[in-house]
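# Structure at a glance
Here is what each chain is made of, one letter per residue.
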Amino acid sequence: MLKAKDFRQEAWGKLKGRWGTMALVTFVYMLITGVCSALSYIYIGWVVSLLITGPFALGFAELALNVIRRKEVGVNGLFGGFRNFGGAFLVNLLNGIFIFLWSLLLVIPGIIKSYSYSMSYYILADHPELSAGEVRRRSIEIMRGNKWRLFCLQFSFIGWSILCVLTLGILTFWVTPYEQAATAAFYQSLLPVQEEALPPAEESGNMA
């Protein structure tokens, strides 16, 4: 079974020649979301953030998958998620609602569910024809028994996160795509399970 270091190594290797592009993508993304946060006090920023979070997350997921699959990447890819604006928006909204409701029980159930839904945008990138509910259910399926593995992968970036702080956030422009690509590699490793073991989305039942 592949471990965190394997996904990091794969991401590092496949980012060669693409670090600059992905760093620029991260800069553009942070600039846009930063402006929205600055405008949140007049509500329009909050509304815009609600509208764009899903499409941008989908665009980043598509770019990360392109890195892992050795496909072309470009800054315009960040906006690719807007091609499926409705699906991306609903995935973000639906996941947010369920995570919030589970968090009302206690913090831990909310965190666990966030890991259950963590592959949603990667699945939507591969299957834009699926509804938000189907995407969420498929994410739940492929993350069964894999949530701890993803946690370990994310935790393995703690050293990089400290370096981001020490460099006043500058290193974030490179660490973010590194982590995104590693997560895409993790998702890629689950694809055989997704394609062969999962029942059709409409037969998966209504799982929260």
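Below: a short report on this structure. (Residues numbered from 1 in each chain as written. Predicted model: local features only at pLDDT ≥ 70, side-chain atom pairs only at ≥ 80, totals over all residues. Heavy atoms only, no water.)

### Thoughts on helix α4 (residues 85-105)
Taking 1.5 Å of rise per residue, 21 residues should cover 30 Å, and α4 covers 31 Å from first to last C-alpha, within 8% of that figure. Among the residues of α4, Gly87, Ala88, Phe89, Val91, Asn92, Asn95 and Phe98 are the ones counted as buried. In this structure, the buried side of α4 is in contact with α3 (44-68), α6 (120-126) and α7 (132-142). (Helix = DSSP H or I, 4+ residues; strand = E, 2+ residues; numbered from the N terminus. Expected span 1.5 Å × (residues − 1). Buried < 20%, exposed > 50% of the residue type's maximum accessible area, 1.4 Å probe, protein only. Contact = heavy atoms within 4.5 Å.)

### A look at the pattern of salt bridges
Tallied over the full model, the rule gives 4 salt bridges. One salt bridge in this structure joins Arg69 and Asp126, with 2.8 Å as the shortest N-O distance. Of this pair, Arg69 sits in the loop between α3 and α4 while Asp126 sits in helix α6, and the two are 57 residues apart along the sequence. Taking relative accessible area as the criterion, Arg69 reaches 26% and is therefore assigned partly exposed. In this structure, Glu141 and Arg144 form a salt bridge, with 3.2 Å as the shortest nitrogen-oxygen distance. We classify Arg144 as partly exposed; its relative accessible area is 46%. (Salt bridge = Lys/Arg side-chain N within 4 Å of Asp/Glu carboxyl O.)

### Points about the layout of surface pockets
There is about 630 Å³ of room inside the largest pocket. Considering the residues around the largest pocket, the lining is formed by 22 residues, among which Ala57, Ser118, Tyr121, Tyr122 and Gln180 are closest to the centre. Residue assignment for the lining of the largest pocket shows that the elements contributing at least two residues are α3, α4, α5 (107-116), α6, α8 (147-155) and α10 (172-196). With 5 residues, the single largest contributor to the lining of the largest pocket is α3. In this structure, the second largest pocket encloses a volume near 270 Å³. (1 Å grid on protein atoms, 1.4 Å probe; cavity = no way out; pocket = protein on both sides within 12 Å on 5 of 7 lines; lining within 4 Å. Points joined across faces, edges and corners; volume = space filled by probe spheres on them.)

### A look at the packing of α4 against α7
Each pair of packed helices gets described by two things: the angle between the helix axes and the distance between those axes. Packing of α4 against α7 brings their axes to within 9 Å, and their N-to-C directions diverge by 55°. Judged by the inter-axis angle, α4 sits oblique to α7. Between α4 and α7 the crossing geometry is right-handed. Side by side, α4 and α7 meet where Leu90, Val91, Leu94, Asn95 and Phe98 of the first sit next to Ala132, Gly133, Val135 and Arg136 of the second. (Axes fitted to C-alpha atoms, helices over the stretch in contact; angles between N-to-C directions. Parallel < 35°, antiparallel > 145°, perpendicular 65-115°, else oblique. Left-handed = near helix turned anticlockwise from the far one by under 90°.)

### What to know about the packing of aromatic side chains
By the definition in use, this model includes 20 aromatic pairs. When the centroid spacing of 5.1 Å and the interplanar angle of 65° are considered together, the rings of Trp12 and Trp19 count as edge-to-face. Taking relative accessible area as the criterion, Trp12 reaches 38% and is therefore assigned partly exposed. On the basis of relative accessibility, which here comes to 19%, the residue Trp19 falls in the buried class. Among the aromatic residues, those joined into a cluster by ring pairs are Tyr29, Phe56, Phe60, Phe79, Phe82, Phe85 and Phe89. (Phe/Tyr/Trp six-rings, centres within 6.5 Å; stacked < 30°, edge-to-face > 60°.)

That's the geometry; what it means functionally is another story.
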